[in-house]
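Spelled out, the chains give:
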Amino acid sequence: MTTLKSRLQDDLTVAIKARDELRSSTLRLTLTAVQKEEVAGDTARELSDAEVEKIIAREAKKRREAAEAFAQGGRPEQAERERAEGEVLADYLPKQLTDEELDALVAEAVREAAAAGAEGQRAMGAVMKIVNPKIAGRAEGGRVAAAVKRHLAG
């Protein structure tokens, strides 16, 4: 078993014993998503920590989007619950990059792409190829794309 998955299961046990309903329900849903992914496809398989991390990130993104939708729909208590679940999941994800750190990585990638001959807005794909492995889940794709566009435009 991967260390991240076992950490989720251990934390679920602790949350259940502590009668922490929010944490236990969030971890249950996340572990269910992990287990579904493990049995998806032709054969069941064990997921790596990186794959489990992607699932957790996907679940956290769902919570953020749901919180926005509930807030816009006039259901603040439900939006707050979704935000709280997102915070629980954030404990299992790598620390997110600050805007300054992201800008520095993107600027470096733009320089690398320019050195390889890619310039202007057409260099977007080349820059994204360079910067995505360096970021590896520490920033949302939309944030990265916006930063790349900003650097290429100006």
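Throughout this description, residue numbers start from 1 for each chain and increase along the sequence as written. For a predicted model such as this one, the threshold for reporting local features is a pLDDT of at least 70, and the threshold for listing and counting side-chain atom pairs is 80 or more; totals across whole chains, interfaces and linings nevertheless cover every residue. Excluded from the side-chain calculations are hydrogens and water; all other atoms, namely the structure's heavy atoms, are used.

Asker: It is not clear to me how the overall build of the protein should be interpreted in this structure. Could you clarify?
Answerer: A count of helices and strands for the protein gives seven helices and zero strands. Helix numbers and strand numbers start at the N terminus; a helix is a DSSP run of H or I with at least 4 residues, a strand a run of E with at least 2. Seen in sequence order, the protein has helices and strands lined up from the N terminus as α-α-α-α-α-α-α. For 154 residues, the compact-globule estimate of 2.2 N^0.38 gives 15 Å, and the protein exceeds it by more than 25% at 19 Å. With the C-alpha coordinates aligned to their principal axes, the bounding extent of the protein is approximately 55 × 45 × 25 Å. Exposure is judged per residue with a 1.4 Å probe applied to protein chains only, and the accessible area is read against the type maximum: over 50% gives exposed, under 20% gives buried, and values in between give partly exposed. Of all 154 residues assigned to the protein, the portion counted as buried reaches 33%. Any two residues having at least one pair of non-hydrogen atoms within 4.5 Å are treated as being in contact. Contacts in the protein between residues far apart in sequence, at least 24 positions, make up 62% of those at least 6 positions apart. Averaging the locations of the 26 positively and 28 negatively charged side chains of the protein gives two centres separated by 2 Å. Atoms counted for the radius of gyration: C-alpha only. Globule rule: 2.2 Å times the number of residues to the power 0.38. None of His or the chain ends enter the tally, which takes Lys and Arg as positive and Asp and Glu as negative. Note on charges: their place is set at NZ of Lys, CZ of Arg, CG of Asp or CD of Glu.

Asker: Which parts of the structure should I look at to understand helix 7 (residues 141–153)?
Answerer: Side chains of residues three or four places apart in an α-helix project in the same direction, reflecting 3.6 residues per turn. The span expected for a helix works out to 1.5 Å for each residue beyond the first. The terminal C-alpha atoms of helix 7 lie 18 Å apart, and with 13 residues this matches the ideal 18 Å at 1.5 Å per residue to within 8%. Along helix 7, the residues that are buried comprise Val 144, Ala 145, Ala 147, Val 148 and Leu 152. Buried residues of helix 7, viewed axially, fall in a sector of 160°; they line one side. Opposite the buried face of helix 7, at more than 90 degrees from it, the exposed residues are Gly 142, Arg 150 and Ala 153. As for helix 7, its buried residues are in contact with helix 5 (99–115) and helix 6 (124–135). Regarding the arc, it is the one traced by the directions from the helix axis to the C-beta atoms.

Asker: Which parts of the structure should I look at to understand the nonpolar core?
Answerer: Considering soluble globular proteins, one finds that nonpolar side chains tend to be buried as a cluster. Grouping buried Ala, Val, Leu, Ile, Met, Phe, Trp, Tyr and Cys residues that are joined through side-chain atoms within 4.5 Å yields what is termed a nonpolar core. With 19 residues, the main nonpolar core has Leu 102, Val 127, Val 131, Ile 135, Val 144 and Val 148 as its most contacted residues. Those elements giving two or more residues to this core turn out to be helix 5, helix 6 and helix 7. Tallying contributions element by element places helix 5 first for this core, with six residues. Look past the residues within four positions of Leu 102 in its chain and what remains in contact with it is Leu 97, Ile 135, Ala 139, Arg 143, Val 144 and Ala 147. In terms of nonpolar packing, the next biggest core, distinct from the first, is built from 16 residues, Leu 8, Leu 12, Leu 47 and Ala 60 among them.

Asker: Would you mind going over helix 6 with me for this structure?
Answerer: In this model, helix 6 (twelve residues) spans 16 Å end to end at C-alpha, consistent with the 16 Å of a helix rising 1.5 Å per residue. Among all positions of helix 6, only Met 124, Val 127, Met 128, Val 131 and Ile 135 are buried. Looking straight down helix 6, one finds its buried side chains confined to an arc of 95°; they lie on one side. Across helix 6 from its buried face, at more than 90 degrees, point the exposed residues Lys 129 and Pro 133. Each element contacted by the buried residues of helix 6 is listed here: helix 5 and helix 7. One or two steps after helix 6, the chain reaches Ala 136, where phi turns positive at roughly 40°.

Asker: When you look at the pattern of salt bridges in this model, what are you seeing that I'm missing?
Answerer: Here the idea is simple: oppositely charged side chains can pair when their charged atoms come close. Salt-bridge detection follows one rule: a side-chain nitrogen of Lys or Arg within 4 Å of a carboxyl oxygen of Asp or Glu. Under the definition given, this model contains 17 salt bridges. Residue Arg 7 pairs with Asp 11 through a salt bridge whose shortest N-O separation is 3.9 Å. Of this pair, Arg 7 and Asp 11 both sit in helix 1 (residues 3–17), four residues apart, which is roughly one turn of that helix. The partner of Arg 83 in a salt bridge is Glu 80, and the shortest N-O contact between them spans 3.4 Å. Of the two residues, Arg 83 and Glu 80 both sit in helix 4 (residues 76–90), three residues apart, roughly one turn of that helix. The partly exposed category is assigned to Arg 83, whose relative accessible area is 38%. For Glu 80, a relative accessible area of 46% corresponds to the partly exposed category. Each member of the salt-bridge network shares a partner with another, and the members are Glu 21, Glu 59, Lys 62, Arg 63, Arg 81, Glu 82 and Glu 85.

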